[in-house]
Amino acid sequence: MLDPNADIFRPPEIPTLVHCIHCDEEYDSYLIEWRETVCSDGKTRGFWCCPTPGCDGAGFGFDIFPVDPTYQDEGGAMFFTDDENEVNLPEDNEPLPEDRTPIEKPEEEGDEELPF
């Protein structure tokens, strides 16, 4: 028998407002549903799923995320973190910093300028 509470993508114990990246809906995390499905290999598997009809979003922290950027789990761990090594790419048409140069792609035979 499958144990929904053992699933690593289960919803948080303390309800929080969440957002599903598949259907773009927001709702309280206690509404996330456990569903069991018989897969093509004949095995039954369970998933924590978005409750929005027709949505295939599944898993807290996979397709379903807390809305609050300062959200902490029950153990006090931050869900979202700032990474000091994160590469911040320039916006379109923004010049590259002086210490970065664009990578030139060698032109291949048959490459031609597109009219759009």
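Below is a short write-up of the structure. (Residues numbered from 1 in each chain as written. Predicted model: local features only at pLDDT ≥ 70, side-chain atom pairs only at ≥ 80, totals over all residues. Heavy atoms only, no water.)

## Points about the pattern of salt bridges
Inspection of every chain in the model, using the stated rule, returns 2 salt bridges. Residue Glu33 is joined to Arg35 by a salt bridge in which the shortest nitrogen-to-oxygen separation is 2.7 Å. Classification of Glu33 by relative accessible area gives partly exposed; the value is 31%. The salt bridge involving Asp41 is made with Arg45; its shortest N-O contact spans 2.9 Å. (Salt bridge = Lys/Arg side-chain N within 4 Å of Asp/Glu carboxyl O. Buried < 20%, exposed > 50% of the residue type's maximum accessible area, 1.4 Å probe, protein only.)

## Focus: the packing of aromatic side chains
Two numbers describe a pair of aromatic rings. These are the distance of the centres and the angle of the planes. Overall, the coordinates contain 3 aromatic pairs when judged by the stated rule. An angle of 75° between the planes, with centres 6.1 Å apart, marks the rings of Phe60 and Tyr71 as edge-to-face. Residue Phe60 is located in the loop between β4 (44-49) and β5 (64-66), and its partner Tyr71 is located in the segment after β5; the two are separated by 11 residues in the primary sequence. In this structure Tyr71 comes out as buried when scored by relative accessible area, which is 8%. (Phe/Tyr/Trp six-rings, centres within 6.5 Å; stacked < 30°, edge-to-face > 60°. Helix = DSSP H or I, 4+ residues; strand = E, 2+ residues; numbered from the N terminus.)

## Points about the sheet that holds strand β1 (residues 17-20)
Strand order in the open sheet formed by 3 strands is β2-β1-β5, and the pairing between neighbours is antiparallel. The sheet is open, and its two borders are formed by β2 (26-28) and β5, each paired with just one other strand. Strand-to-strand twist of the sheet, defined as the mean angle between neighbouring strand axes without regard to direction, takes the value 35°. Judged from the 3 bridges that link them, β1 and β5 form a sheet pairing that is antiparallel. Bridge pairing in β5 places Cys20 opposite Ile64. (Pairing = 2+ DSSP bridges. Axes fitted to C-alpha atoms, helices over the stretch in contact; angles between N-to-C directions.)

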